[in-house]
Amino acid sequence: MNLPDVHLEVQLGRLCLANPIMVASGTFGYAREMAGLVDLARLGAILPKTITQEPRAGNPPPRTVETTGGMLNSIGLDNDGVELFVEKHMPYLAGLGTAIIVSIAGKGYEEYVRMAARLEGVSGVAALELNVSCPNVSGGVDFGTDPALCEKVVSGVRAACSLPVLAKLTPNVTNIVPVAQAAESGGADAISLINTCLGMAIDWKRRRPRLGNVLGGLSGPAVKPIALRAVYQVAQGTGIPVVGIGGIASVDDVMEFLVAGATAVQIGTANFYDPTVSIRILDALPAALKMLDAASVADVVGKLNTDAPA
Ligand SMILES: Cc1cc2nc3c(=O)[nH]c(=O)nc-3n(C[C@H](O)[C@H](O)[C@H](O)COP(=O)(O)O)c2cc1C
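Figured I'd write up the structure that's included with this text. (Residues numbered from 1 in each chain as written. Predicted model: local features only at pLDDT ≥ 70, side-chain atom pairs only at ≥ 80, totals over all residues. Heavy atoms only, no water.)

Here's the deal with the site of the ligand
The criterion, for reference: Only heavy atoms are used to decide nearness, and a residue is near a molecule or strand if one of them lies within 4 Å of it. Each polar contact in these results corresponds to two N or O atoms within 3.5 Å; when the atoms are within protein, one needs to be able to donate a hydrogen and the other to accept it, and residues that are neighboring in sequence are counted only if both atoms are side-chain atoms. With residues, only the protein chains shown are counted as cover, and all accessible areas are computed by Shrake-Rupley using a 1.4 Å probe. Residues were grouped as follows: Ala, Val, Leu, Ile, Met, Phe, Trp, Tyr, Cys and Pro as nonpolar; Asp, Glu, Lys and Arg as charged; and all remaining residues, including Gly, as polar.
Around the ligand, 24 residues are found, and the nearest of them are S25, T50, G220, G247 and T269. Here T50 contributes a side-chain N or O atom positioned 2.6 Å from a nitrogen atom of the ligand. One nitrogen or oxygen atom from the side chain of T269 is found 2.6 Å from an oxygen atom belonging to the ligand. For the ligand, the accessible surface in isolation is 610 Å², of which the surrounding protein chains cover 98%. Counted by class, the shell around the ligand contains 8 nonpolar, 14 polar and 2 charged residues.

Here's what the structure looks like:
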């Protein structure tokens, strides 16, 4: 429920969202699966599973394993490819009454640009999120670890289409700030962080890795402190909005990200064990904002007081 005097709208560069609560790519399917469980129109935005130029079968199973405080996945961008996405999934997504931010990953610069040009003008696409951070596809991650490549791909996409562009970065770098600054220089409307942290799990009795791909991406509550740190650093180091992602499962988590410097958030792993979590958080958000005497989300963004640690 919206308390009348708390404004939930947020602005991510050229993209305006009705509220800051989004669902993260790869954790909400193509939304159809969730329709019976969640009032999809209420979400600030939906990010469907990342699409690639060509269909991808993904990595060998097992592709997911539970870990302490989180999960590892090595899905490997299993998806139908851009053409089938536009034909099969976009018409449904376009009718949901919420912003659809399409996540794309290219094998190289040309593919990012080609997909961006293809998605321009497709009905219902509100923005693009460039997944330059998937740890499960060799090559794809390079764009998120090399500032020059990151700037090139963001500016190439900006030149190829007029849609707002979010750059989703990987935490698997020594310093995330130069990569975020490069995305900003390339013209990104906002920076999304974080994607998963590269990890692994082992069954020592069988001396086997637990994932078919050996390595995978860690997500869930275990990564929240890393994500908060990344959001804080990037919010300090850039002048564009930040979208916080990583281990969010409650309104308290959301408030922590907002105060750290995020303008909006995405909820990922929590959808797997509670598909209604995003709506429950949205319902609780106005009261949480009021506890800080905020009349809008923007009133609390980046308002962390580092002078006097709790
Ligand atoms: C099973 C699974 C699949 C994912 N697939 C994608 C994907 O296709 N594209 C993407 O950008 N991120 C993908 N992610 C990463 C999430 O969107 C998110 O950035 C990450 O999991 C951290 O958030 P969380 O801790 O709330 O899950 C995936 C995560 C999981 C757990």
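Brief notes about the pattern of salt bridges
Rules: We define a salt bridge as a contact between a side-chain nitrogen of Lys or Arg and a carboxyl oxygen of Asp or Glu at a distance within 4 Å. Numbering of helices and strands runs from the N terminus; a helix is a DSSP stretch of H or I covering at least four residues, while a strand is a stretch of E covering at least two. Per-residue accessibility, obtained with a 1.4 Å probe over protein chains only, is compared with the maximum for each type, and a residue is labelled buried under 20%, exposed over 50%, and partly exposed between these values.
Taken as a whole, this structure holds 10 salt bridges when the rule is applied. When the shortest N-O distance is used, the salt bridge between K290 and D5 registers 3.0 Å. Of the two residues, K290 sits in helix α9 (residues 277-291) while D5 sits in the segment before β1 (10-12), which places them 285 residues apart along the sequence. Judged by relative accessible area, which is 36%, K290 ranks as partly exposed. Between D274 and R280 there is a salt bridge, and its shortest N-O distance comes to 2.3 Å. Residue class for D274 comes out buried when judged on its relative accessible area of 17%. By relative accessible area, which is 45% here, R280 ends up partly exposed. Each of K224, D253 and E256 takes part in one network of salt bridges that share partners.

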